[in-house]
Structure formats: C-alpha cells, structure tokens
Amino acid sequence: MRAIRPRTRPQSREHVVTIDTDSAPRILFSGENFVLEDLPVGTRVIYPKRPLTGIANPQAAIRYALNHPEQMEPLHALLRPGMKVTVAIDDISMPLPIMRTPDVRQLVLEIVCEMLADHGVDDVHLIIALALHRRMTDAEIKRMVGPKIWSEYWPDRLYNHDACDPDGMVVVGKTMHGELVELNRRAAESDLVIYVNMNFVPMNGGHKSMGVGLCGYESLKAHHTPKAIADSNSYMNPPDSAISHSMNRQGRVVEKAVKVFHIETVLNNRTFDGPLSFLMKNEDEFTEADRLKFQGMKWALDKLPFAARREIFMRTPAAYELIGCYAGSCEPTHEKTLAKSFEQYAVEVEGQADILITGIPYISPYNVNSKALNPLLVQVMALGYFYHMYRNKSLLREGGVLILTHPCSDKFDPVHHPSYIEFFNRLLPETRDAYTLEKKYQDEFAYNPSYVEMYRRGNAYHGAHPFYMWYWGQRGREKVSRVIVVGADNATVPELMGWETADSIAEAVAMARGTMGRSAQITMLHHPPIVISDVV
Amino acid sequence: MPSPHHKYKHSAAFYDVDGTLIRINIVHAFAFYAQRQPSLIESAKRTVLTAASVPIFWAADKLSRKWFNEIFYRGYEGASEDRLVTLAEELFEEVIEPNIYPRARDLIEESRRAGCRQVIVSGALDFTLRPLARYLEVDDLIANQLEFVDGYATGKLKKPFVAGATKAEIMRDYAHKHGLDLARSWAYSDSFSDYAMLAVVGHPTAVNPDLRLRSIARSYDWPVLDLDQAS
C-alpha cells in the first residue's frame, strides 16, 4: 500500500476516473475506519458530483414554495380557524449522517406553525412519521424540530407515530390491487395533513411519505416483500420500482381519504466539510495537507477502541444545505423533487461493471445513534442501497461480483435492534431464503409481544424490521454471483450471509477475476457522499 | 384496524413478579405484616427482628432458594390465615400497587392482544399476590402457599416450592394441562435465579435484569426489556 501522493495529470471526466499506473490509492470506508488501497490499473472510480450550491435564504425558499404550490392552493388559503391539522414529519433515518442544526425540518416547521397560528388553527398535532422505525428519543426530536417548536408542542402535541396502537390506527381503504391502506387515526381524521419531507435519496418522498410514514404493519405487507424488491429494477428510480408503484397506489387511496399538502425538501451532498472536506475529493487531487490529515486520522482511528471511533463519527454532523423546496399536491411536487435530486446525485456512467467495489460506512438509515452497524444492516447497505444506486441498467451486471470493505463484526444494539439479534442468530442459520423467512416467521416476529412493547414504548425497531432488511437485499442476492468482503474480523458473519472473505482488495479482485476473467471491468463506487450511477 | 392474527393462541406468557413487574420483593410484604401485629410491642419486636434478619435472608438466598424459603417463611409461624388474607388487600394498595413498573401493564396488554394466556409464576405467597393478579387481569396465579393448621400458619411452605428449577417444572405441567406450546411461549424475569423458568420457553425475555442475567441474556441473544423506564 502506497501513501497518497498528489497528482497533477488532468482527468478527462470529473466524476469517472480511470486508475492508471501513477494513480493514488483509493480511500474506502470500512465501518468506523478506512481502507487505503491501490486499485488495479483500468479500474473506474465513480465519484459523486460536487455539492450544488445551497439556497442562500432557505426560509424565503420555503415561504415561496408554500405560497406557490404545485397544483394546489397556497397553504394559507387552505387554512380556516378551528380546523384540525396534523403535521407529519420525516424521522431521523434521513439525512445521513444527521445534519447540522438548524435541521431543514425545523426551518419548515417554524414557518408552517407560525402560519397555522396566524390563521387561528389551534388544533395542531405534530407526528414523527416513523412507520415501523424506532421511536425517536426526546433529545433527538428536540434537536430535529428546534427549541421553539419543542417547547410549544412537546409532549402532548408532538410525538412519535405508533403503528401498533390499536386505537390509534384506522383502515382508510384498499387499492385496486387489494393492498390494505392503514393510516394514523389522528391524521386520517384531520381536515388537513401537512407532510414535511426530507428528501435525501430518490426513493424518499412522494406517496411514500403518507403511505408508509404513517401506516401500520399490515399496509407494509403490500410492498415490503422479497418479490416487490426482486421486481424493482433499482428502487432508487421510482418508475422502475415495484415497491414505488405499490406505495403510489396506497398513497392515492390516502389522498382520497384526507387532504394532504406536501412540502418536500432536497439537500445537496455536502457530507463532509471543514477538516474532513478531503473525503469529498478525488485522491489524485489531494494536497500534502489532505494527505497528512488523512494519515493522521487513520493513525488515530487505528489506535482508538471501537466505541470511541463510533462516537467520533456519530458526533460529526453533515453540512448539508437546502437546494430545493417544493410544495403542493403529491405527484407534481415530487416530480420536481426527483428532478432536483437526480441533478445532484446522478452521474453518467458508460457500461456496466463485472466487478463492483464499494466501502460500507458506519451508518445506514436504521442505525443513527445506535451502538453498531449490525451485520443485517451491512447487508442492506451492500446488496440493498449501494447495489441499487443506479438508474436504467444496474451498475454491476447480472452475475457480477460485489466486493465490500467492512469488518462485519457480530455487534448489535440490543436497545434499537432486539429482533435483529434473534433473526440473525436463530433464523439465518436455518435459511437465507427470503420467501421462506417471510412465510414462516415474519408474523411471528411482528406480533411478538416483547418486540411490540419494545417498539411502542422503548426505542426498538419493530419486530418485522429485520425481515425487511433482508428483503431489501433480495434483488442484489439474485443478481450478484459472489459477494467478497474485505477486512472481516470474523468468519461467522460472512458465512451466515453467504459471503466469501479476503484480506485485501487485491486478493478479492484476484478471486473475482477467477469468476469474471482477467479482462473483467472493475468499478469502484466512491461514497459517501451518495452517488447514483446513470448507466448508459 | 386488522387485529393481530392470534398466532399465539396456544401460547402463554409467564411472569415472575418481584423485580419483574414490581419494584419490591417478598421481604417488603413480610415487613408489612411485621409492622401490623395486634399489639404495638409485638409490631416493634417483629419489625426489629425482620430488619435484623435481612442479611441472613440475603445470604440464604444467595446460597440456596430452598434454604431461604425454609428460614424466611418460618417468620409467618402462628399468623392467622384470616388476618393475612385481609391484610393482603391493604398490602396491595399501600405497598404493591405504587411499585408496579409503569410499563408492566402495557407489556401484559400487548401479550394478551397477541393471544397469549397470562400466568404469574412467583415465589411470593399466593394470598399476597391475589389482588395484583386481579388488578393485572392475568388468567392464572401460580405462587407459593403457606401451610395452615386450624387456620394458623405453621411457618412451612406447601410443596412444591415455586422457585428455581421447580418453576420450570410447574410451567411444563401447566402447559401440558392447558394444551400450550412452551416453544411458542414467553417467560419474563429479572433474576438469574429464574434461569430455568426462562430457558424452558421459546421466547425468554430478561426484564430489568440483574447483572448476571443481563450477561446471560446478551450471550444467549435474549431480548432485554427495561420496564422501569417510562415510555
């Protein structure tokens, strides 16, 4: 392994860099640390676009969106004194990592709540639309909504959605496909619901906001299935996503039952800035200072215990900025959101890869402030999210080999992920077949009273959640011939996943070439920040 | 709202009580009775004796639950059954009810909604737990029983003692009698001494566990519930 040296040779394309004989080694996330390794000559490295410039006055952009909505009257025109309004808010699963304060949701809420008060609307509840995710803690909610909203609404009028509350949920209908649509009762019985969305990747927002955020377990059965995932040619591209189609059908039923004013926000991809901004750069363009900073950080991370490393990363919020705010009725609003989102994330790539290399970072949507990225979440990041980070054709061709860097430690957060522990240790040794797991065990976990209690009053993900994590990797499992994990600290976890192990990327590439041939096209996805390959 | 599938209609949830559903233990109940003797002098004498015996109770419990039972329940010798039963209502109102963990009722409610039969299995005395069982609306109460002769306690427990491995045996018999599937049942306890009770079911759950049980739960991947933390 060589040290990173600055390089002056210009690249022909900014976002797709081809490794040459004098290229610098590449940095890959490997959990709460990094791997620095030379890649074979000819490897393509796909970088995210540079962050789009944030809107200088976010509050003005939000007000403009509320007053000039898509195919709907302005928000102020929908308000009447004495009406019942519910404001639903996206939860802590986005953005990743958490953003610096003020969170964009705080900015939106402060404007919306002020407008509601100005129009004599007092019956207002703010609900964290977390579906079957874990309840946010008081401190997390306070940080997200800001002190003003917190002091005015918490706890009676600002709270977490509870999908298992028998009195708090209501069935609002069925889709033409027979998909059940449950909704939070307070929202269903409101004169108006205002949804405050945080759009981090293109699979967020749109009908998913109401259709999933405020739904129950029986509704999720419509699309959180191995089949729906297998039928989704990238769930990051809604037109090609079977899950998205199902959510849209459910969302339309919701919109018939209750009037919803959607507010969608799009962030840029400034994940790292300040002293960590070098992580956003092409390694060939590193300055001496960048090189020293990285080596210093790597040295320190190598010396620190796991918990300390994790704490450092978790306490480093991202410098995301608002780049778009749209409001109004669901579909036209979301169309604009998606266009902006792809403008930031989509990078054109020519042709598929035979071997795809990607680093798995410390975070996923489901382990913010958790004790670890547990093995099931490593799996969902690899074969789920990162595999699906494409439009059109998959970046990794069918039958290709996926190489990951992650320690795959057998670590779980027992408070956030109790049912994951049982799923991993009891079910996976029996079968990895998602269809069998769904049929045989999903309801058992979903209605397990201990897990229901931990979801409703603790801070645990719902009992069925580990199944969804496994399903979300279904298409990846079906399409990828081999998964090789580099740097695993044990043999058990990769074996349970059905993965092979290697000590270095060089060894993993040699193993992959055994399947794909010496001339195999190798590509590395360089993230975070998020990058979506537009494969042509 | 679609109701749960009642997948667990042949299942039961077995609960330990002391430290699991309530903050206190049987010594509190014993002390309550000690303070309520017919005369002031007797009350003072019994209270002092109880306080002085606490280290002995503690040591006996650590060595053997059987020894503990033999020593501890001797303190009830001579007490009238009527008096113990009557005072049990007062014990519940004054001592037990204020010490029920905030989320204990919620847990039982979730379990009942899932279709499980609700059963308390405790080493405490049955008459002290009857008001609690009624309050929590559980289906059955399995607890230790004092032996009475002519309406007065002999200071001995009827066999089998509800403790340790016997709890598991009693649960097996109970499941057999009621056609329940233990592999699809739950057990909740706070203490390592209930390891057998937890191990005999398919879904053991450590509740507010002591250090030893917490460590076991981590090793065996049992869920850990902290009912003492308000939601």
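Reading the values: the criteria
- Residues numbered from 1 in each chain as written.
- Chains lettered and ligands numbered in written order.
- Predicted model: local features only at pLDDT ≥ 70, side-chain atom pairs only at ≥ 80, totals over all residues.
- Helix = DSSP H or I, 4+ residues; strand = E, 2+ residues; numbered from the N terminus.
- Rg over C-alpha atoms; globule rule 2.2 N^0.38 Å.
- Buried ≥ 20, exposed ≤ 12 C-beta atoms within 10 Å, placed from the backbone.
- Contact = placed C-beta atoms within 7 Å.
- Core = buried A, V, L, I, M, F, W, Y, C linked by C-beta atoms within 7 Å.
- Domains from an automatic or database assignment.
- Pairing = 2+ DSSP bridges.
- Axes fitted to C-alpha atoms, helices over the stretch in contact; angles between N-to-C directions.
- Right-handed = clockwise from strand over helix to strand, strands pointing away.
- Nonpolar A, V, L, I, M, F, W, Y, C, P; charged D, E, K, R; others polar.
- Expected span 1.5 Å × (residues − 1).
- Arc of directions from axis to C-beta.
- pLDDT = per-residue confidence, 0-100.

(A) Here's a closer look at the overall build of chain A. Each helix and strand counted, chain A has 20 helices and 20 strands in total. Expected size for 536 residues packed as a compact globule is a radius of gyration near 24 Å; at 23 Å, chain A falls within 12% of this value. With respect to the three principal axes, the spread of C-alpha positions in chain A is 70 × 55 × 45 Å. Within chain A, the proportion of its 536 residues that are buried is 56%.

(B) Layout of the overall build of chain B. In terms of regular secondary structure, chain B is built from nine helices and eight strands. For 231 residues, the compact-globule estimate of 2.2 N^0.38 gives 17 Å, and the C-alpha radius of gyration of chain B, at 18 Å, lies within 12% of that figure. Overall, the C-alpha framework of chain B stretches about 60 × 35 × 35 Å when taken along its three principal axes. Expressed as a percentage of the 231 residues in chain B, the buried residues total 42%. In chain B, the share of contacts with a sequence separation of at least 24, taken over all contacts with a separation of at least 6, comes to 57%.

(C) Local environment of the nonpolar core. Formed by 234 residues in total, the largest nonpolar core has its most connected members in A:Ala88, A:Ile403 and B:Phe14. It is helix 13 (residues 375-386) of chain A that provides the largest number of residues to this core, a total of nine residues. Formed jointly, this core draws a minimum of three residues from each of two domains, domain 1 (16-42 + 272-317 + 350-535) and domain 2 (58-267) of chain A. Once you skip the residues sitting within four places of it in the chain, A:Ile403 turns out to touch A:Ile355, A:Leu356, A:Ile357, A:Ile484, A:Val486, A:Ile505, A:Ala508, A:Val509 and A:Ala512.

(D) Inspection of the sheet that holds strand 20 (residues 532-535) of chain A at higher detail. Residues and elements named next belong to chain A. Spatially, three strands are ordered 13-20-15 in an open sheet, and the strand pairing comes out parallel. One side of each edge strand has no neighbouring strand; the edge strands of this open sheet are strand 13 (346-349) and strand 15 (390-392). Each neighbouring strand pair of the sheet contributes to a mean axis angle of 30°, computed without reference to strand direction. Bridge count between strand 13 and strand 20: four bridges; the pairing is parallel.

(E) Region of interest: the pairing of strand 6 (residues 123-129) of chain A. Residues and elements named next belong to chain A. Buried residues dominate strand 6, accounting for five of its seven residues. With seven bridges connecting them, strand 5 (residues 84-90) and strand 6 associate as parallel partners. What sits directly across from Asp 90, in strand 6, is Ala 129. For the crossover that starts at strand 5, traverses helix 3 (residues 104-118) and ends in the parallel strand 6, the hand is right-handed. Across three bridges, strand 6 lies against strand 7 (residues 158-160) in parallel orientation. Note that in strand 7 the partner of Leu 126 across the bridge is Leu 158. Handedness of the β-α-β unit built from strand 6, helix 4 (residues 138-153) and strand 7 comes out right-handed.

(F) Geometry of the interface of chain B and chain A. If you look at the interface, chain B gives 21 residues, while chain A gives 21 residues. For the side of chain B that touches chain A, the elements supplying multiple residues, two or more each, are helix 5 (104-113), strand 7 (203-207) and strand 8 (224-225) of chain B. Ranked by the residues each element gives to the side of chain B that touches chain A, the list is headed by helix 5 of chain B, at four residues. A class-by-class count of the residues in the side of chain B that touches chain A yields 11 nonpolar, five polar and five charged.

(G) A look at helix 7 (residues 164-178) of chain B. Residues and elements named next belong to chain B. In this model helix 7 runs 22 Å from its N-terminal to its C-terminal C-alpha over 15 residues, within 8% of the 21 Å that 1.5 Å per residue would give. Here helix 7 has its buried residues at Lys 167, Ala 168, Ile 170, Met 171 and Ala 175. Buried residues along helix 7 cover an arc of 165° about the axis, so they all sit on one side. Summarising the geometry of helix 7, the exposed residues directed more than 90 degrees from the buried face are Asp 173, His 176 and Lys 177. A positive backbone phi angle near 65° is found at Gly 179, which sits one or two residues after helix 7.

(H) Main features of the environment of A:Tyr320. Residues and elements named next belong to chain A. Looking at where Tyr 320 falls in the secondary structure, it is placed in the loop between helix 11 (306-314) and strand 12 (322-328). Assessed through the 26 C-beta atoms surrounding it within 10 Å, Tyr 320 is described here as buried. In this structure, the C-alpha to C-alpha distance between Tyr 320 and Val 212, residues 108 residues apart in sequence, is 25 Å. When neighbours within four sequence positions are excluded, Tyr 320 is seen to be in contact with Pro 95, Met 99, Leu 267, Asn 268 and Arg 270.

(I) Structural view of the domain arrangement of chain A. All names here are of chain A. Domain boundaries in chain A define domain 1 (16-42 + 272-317 + 350-535) and domain 2 (58-267). Put simply, the middle of domain 1 and the middle of domain 2, counted by C-alpha atoms, are 28 Å apart. Taken together, the contact pairs 34 residues of domain 1 with 28 residues of domain 2. Listed by contribution, the elements that provide at least two residues to the side of domain 1 that touches domain 2 are strand 15, helix 15 (434-446), helix 16 (449-457), helix 17 (465-471) and helix 18 (474-479). With four residues, the single largest contributor to the side of domain 1 that touches domain 2 is helix 15. Partitioned by chemical class, the residues of the side of domain 1 that touches domain 2 number 20 nonpolar, nine polar and five charged.

(J) Up close: the confidence of the model for chain A. Of all residues in chain A, 98% have pLDDT values of 70 or greater, and the mean over the chain is 96. This model gives residues 8-12 of chain A a pLDDT under 50, and the stretch forms one contact once residues within four places in sequence are excluded.

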